[in-house]
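One letter stands for each residue in the lines below.
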Amino acid sequence: GVRKKPPPVTKKYEMQGNDKAKKTLGIGVAAVAVGGAAAGGAAAAANNNAPVGAAAATAPTQANGKKGLKGGFEKFGHNIEKFGKEVAGVGLGIKSGFEEILGLEDSDDENASGLRASISNMHDEEAEALKIAISHIQRDNHRTALNHLLSLKECEAMQNWAFRALMADYMMQVADSAMESSKTGVAVESYEEALAILKQDEDTSEEEDLSKARKGCIKGHKMIAIDCEGFGDFRSAIEQRKRACELLESENKVVPACHQLISIAYNLGKVDEYDKSSVILSDVCRKLFKGVTSLDYMPSDRLHLLVKAYHMRAICFTKMAKWKPALDQYDELIPLVAKESGRGSLDYMSLTIRKAALLVTLKNYAAATELLRNYFQMADINDGAGNELIVGPDDHSLALDTSAAIDLKLGKVDDAITTFEKKLAFLEEHLPQDKEMKSDAMHKLGCLLSYKKNHEEALPLLQSALDTRKFLFDGRNKFLIESSWAVAATNQTLGDTDKALADYEILLEKIDLVEDSPINSVVVHNSAGKLFFEDGKIEAAVSSFTKALEGVESQGDDALKKNIMLNLANALAAKGEIDGAFDLYEDLERMGKRKRTQLYYFTLYNKSLLLIKVGEKEQAKDILNDIIETRSSKADDTKGNVYITLGILSVEEKKIESGLNYYEDALAMFVDERYDISSITQTKKLMAMAYLETKKYDVAITILEDALTELSQPGMERKFYQLMKAEVWNCMSKVYQRRGDHSSAKNFAKLALQTYKSELGERHPITLRNVSNVSVLLLEEAEGLTKSEAKSIIDAAKFEMEGALGAFLSLNDSWAYRFDVASLKTNLGLVAVWQGKPKKARKLLKQIEGIEVLADSVLEKRIATLKVLLEKLEKEKEK
């Protein structure tokens, strides 16, 4: 028969001089292909009809008169030692020496005569190669012996069946000895060569010899496959097992052949070729059913393999996202496992959990819930009895994950949180070393707590998950990016601006480098833009929103696109790009007019703010009143801010009572509709400032003290609340300042400044503004003192203001901080006037005049005061 070329030995076996490989495989310098590719090769093309194998005999001899050859081989075996001792002295009489060595010198047997004739016709170098091979067999130099035997494959003597039988016997001796010495590669190659030779005379070769050669080949290929799998060289292992399977099938050994096919399917899965793996497994199922009329009559050894094949095929279908075929496979598999192992067995429960997970993917939550309920009931009973888990820890974790997924799909967030809390406790007890699984549970639990607005409780979990993933993965891993995003967003929500900004800067650097990112880079850019905007970094905000808008165009997410457009419009308005902002507002208004969603009303509100900014207050009022009058619930989240804005406009117009009424309406919205401590505090500050305008100082102080009490409750120690308290202290300072209590005003202003320094840092823009506020209070305090008494106070204020001015200028954003710079230069100009330095004051005034300030603002009034005082000073100096 024609022998297919055996698979090549993996390159792991071909490493020259590798001691580990030599020890494992018994190879010398370099192992040649298992199929005997050395010395001309052992196989022809698969469709070649000519006899192929270790010896390419051109004219096979007839099978007549082969009796008695076995006895000749036995005698030959007794003479090996003699031959080995005489090799060194062999000269020109080498060929005649074979007769004595083989015990054929006295025999008239036709077979012996044929063998003598074949040997006598060998070339001298061929005869010597045979002798040397025999010598190396005796000395266990298996690779060298095999190489010399392989060099004789094309010799003329191979046309004689007796010589071929002799060569096959030599090959088997090499193979058996090499296998005993754990030289697997040489053994397999030798068995393959022996088998190929024997198959040329298959009709007359003894079945025992053929069977022995096949078994040797099978054993060797399986051993090499196991080694390859250990090295992670799964493709080479596949080739080895294919050859073993082919040989087993030639002997009609169905079950062992299927064992090899299942191993092949497993290795294909290891290299992510699940489609090929599923095909192999289907072939296994067909072979196992061959000759079996039904499952009831299937032998137990076949049934066990069928269960394994079904299970692996279900996994393959799942990996290929073929959900329905996977579910069908589980439906076939689970009854078999119940029959083989029982309904309460580990295997049965494990498959039940996996089927439940698949049902969730298929959105069949009711069926999945029922399966999990049965499992958890049995698990609870088992646990109550003090027994071990009925499934492995990984399967139990999957059951918990699946249960949580069902809860989330059904909107039961609290139940999902409880499940993940159970999972964390379970992992601590049963899988304490599995950091990856634990970090995943902490991340998911943290995200759910954030969703429920329990941000303080969520942050430690999210941070712990991030720290663990930093240790487990490199900087471009998708899970690390996922955790970084969650921590950044939570810090942003909690008002920890500095930490959030640092997180976002790292995130924005890496997000585009991550393949298969679990988070949307557009969402990240949008969130980062919001943070930059809140921190006063308007240029950075515009840049982030612009990138987000560019990215969302290709995603087809209309709702996200509108959200980004609104954010960009607000940022452009803050930057002073009025036309660009109005264009976006009008586009959004036009796009949302039909459905009038929540974002539509936010757009109208923000557009009204920009109208107020450019002096179109009446038009803005019309828009704001329209929002209030609408009956749509979509406007409810906007109405509180609308009332605040109308209140501010009323107070500016000296309509204090009307303004206070608007503030009361806003407060009702924030308390009754949705409790929002930030908006409540903001409203109370505005109410206090309105009462300040009517000189009702005690009422204003009472309202502010009430706000401080609310901000001092347990659990409000973090940065977000501390910064709100600082804002209230600043308002208290203003009230006491107007009341004429400069000492209390200064103390509250210093409280606010100290909070900003500790929470934001000394060079943060908000901190610098408060430095300026305290300095102004010092200047006002000095106004009532003599020049000598005031000098030290004014010098101290001047020093602080010059430091703040330098810090603002170093921020390199002249537009964003133009009013801060103008305010500080105005105050320094007033100090210069007080010091009698008109030139310095005039220089500062010229710099201020290059900045466009808001009409009727406090700053504009102070600049006007500076001009009057400076002109007065200059006239006095002229005299």
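Please refer to the structure higher up on the page.
Please read all numbers here as calculations on a predicted model, not as lab measurements.

Student: Even after reading the chapter, I still don't get the packing of aromatic side chains, so can you show me in this structure?
Tutor: The geometry of an aromatic ring pair comes down to the distance between the two centres and the angle between the two planes. Scanning the entire structure with this criterion turns up 8 aromatic pairs. A centroid spacing of 5.5 Å and a plane angle of 10° characterise the contact between Y736 and F748, whose relative ring orientation is stacked. Here the residue Y736 occupies a position in helix α34 (residues 719–739), and F748 occupies one in helix α35 (residues 742–760), the gap between them amounting to 12 residues. Here the two residues Y736 and F748 agree in accessibility, since each one is buried. Directly above the ring of W834 sits K787, whose terminal nitrogen or CZ lies 5.4 Å from the centroid. In this structure, R818 packs its charged tip against the face of F819, placed 4.2 Å from the ring centre.

Student: Sorry, what's going on with the nonpolar core here?
Tutor: Across soluble globular proteins, nonpolar side chains show a tendency to be buried alongside one another. Membership of the largest hydrophobic core comes to 121 residues, with the highest contact counts inside it found for Y504, V524, I627, L704 and V735. Element by element, the count of residues in this core is highest for α34, at 10 residues. L704 has contacts with K684, K685, A688, M689, V728, C731, M732 and V735, leaving out every residue within four places of it along the chain. Counting 93 residues, the second-largest nonpolar core is a separate cluster that includes L166, A356, A368 and Y375.

Student: I tried to follow helix α14 (residues 300–319) on my own but got confused; where do I start?
Tutor: Residues separated by three or four positions in an α-helix point in the same direction, a consequence of the helix having 3.6 residues per turn. The end-to-end C-alpha distance of α14, which contains 20 residues, comes to 29 Å, matching closely the 28 Å that a straight helix rising 1.5 Å per residue would cover. Taken together, the buried positions of α14 are occupied by R302, L303, L305, L306, V307, A309, Y310, M312, R313, A314, C316 and F317. Packed against the buried residues of α14 are α12 (254–270), α13 (274–289) and α15 (323–341). Phi turns positive, to about 60°, at A321, one or two residues after α14.

Student: What am I meant to see in the packing of helix α26 (residues 558–575) against helix α28 (residues 598–613) here?
Tutor: For any two helices packed against each other, the geometry comes down to the angle between their axes and how far apart the axes lie. In the contact formed by α26 and α28, the axes pass within 11 Å of each other and the chain directions differ by 10°. When the interaxial angle is binned, α26 and α28 end up roughly parallel. Contact residues: α26 offers K562, N563, L566, N570, A573 and A574, while α28 offers L599, F602, T603, N606, L610 and K613. Split into classes, the residues belonging to the contact of α26 with α28 amount to 6 nonpolar, 4 polar and 2 charged.

Student: In this structure, what is going on with the pattern of salt bridges? I would like to understand it.
Tutor: When the charged atoms of two side chains lie near each other, side chains of opposite charge can form a pair. Counted according to the given criterion, the structure contains 54 salt bridges. Between D440 and R469 there is a salt bridge, with the nearest N and O atoms lying 3.7 Å from each other. Remark: R469 occurs in helix α21 (residues 455–472) and D440 occurs in helix α20 (residues 435–451); sequence separation between them is 29 residues. Accessibility expressed as a relative area gives 2% for R469, which makes it buried. Connected via shared salt-bridge partners are E207, R214, E251 and K253.

Student: Teacher, can you tell me more about the state of the cysteines here?
Tutor: Here, the word disulfide means a covalent bond between the sulfur atoms of two cysteines. The full count for this structure, using the stated rule, is 0 disulfides. Here C258 stays unpaired: no disulfide links it, and the sulfur of C245, its closest cysteine neighbor, is 7.3 Å away. Given the relative accessible area of 0%, C258 is considered buried.

Student: What am I meant to see in the environment of A559 here?
Tutor: With respect to the helices, strands and loops of the structure, A559 is situated in helix α26. Between the C-alpha atom of A559 and that of L599, which follows or precedes it by 40 residues, the distance is 8.9 Å.

Student: Explain the environment of I680 here, please?
Tutor: Position of I680 among the secondary structure elements: in helix α32 (residues 677–693). Note on I680: relative accessible area 1%, which makes it buried. With 40 residues separating them along the chain, I680 and G640 place their C-alpha atoms 9.8 Å apart. Once residues lying within four places of it in the same chain are set aside, the contact partners of I680 are L667, F670, V671, Y675 and E710.

Student: In this structure, what is going on with the environment of I137? I would like to understand it.
Tutor: Mapping I137 onto the fold places it in helix α6 (residues 124–138). Sequence separation between I137 and S177 is 40 residues, and the spatial gap between their C-alpha atoms is 8.4 Å. When neighbours within four sequence positions are excluded, I137 is seen to be in contact with A145, Y170, Q173 and V174.

Rules of the game
- Residues numbered from 1 in each chain as written.
- Predicted model: local features only at pLDDT ≥ 70, side-chain atom pairs only at ≥ 80, totals over all residues.
- Heavy atoms only, no water.
- Phe/Tyr/Trp six-rings, centres within 6.5 Å; stacked < 30°, edge-to-face > 60°.
- Helix = DSSP H or I, 4+ residues; strand = E, 2+ residues; numbered from the N terminus.
- Buried < 20%, exposed > 50% of the residue type's maximum accessible area, 1.4 Å probe, protein only.
- Lys NZ or Arg CZ within 6 Å of the ring centre and 35° of its normal.
- Core = buried A, V, L, I, M, F, W, Y, C linked by side-chain atoms within 4.5 Å.
- Contact = heavy atoms within 4.5 Å.
- Expected span 1.5 Å × (residues − 1).
- Axes fitted to C-alpha atoms, helices over the stretch in contact; angles between N-to-C directions.
- Parallel < 35°, antiparallel > 145°, perpendicular 65-115°, else oblique.
- Nonpolar A, V, L, I, M, F, W, Y, C, P; charged D, E, K, R; others polar.
- Salt bridge = Lys/Arg side-chain N within 4 Å of Asp/Glu carboxyl O.
- Disulfide = S-S within 2.5 Å.

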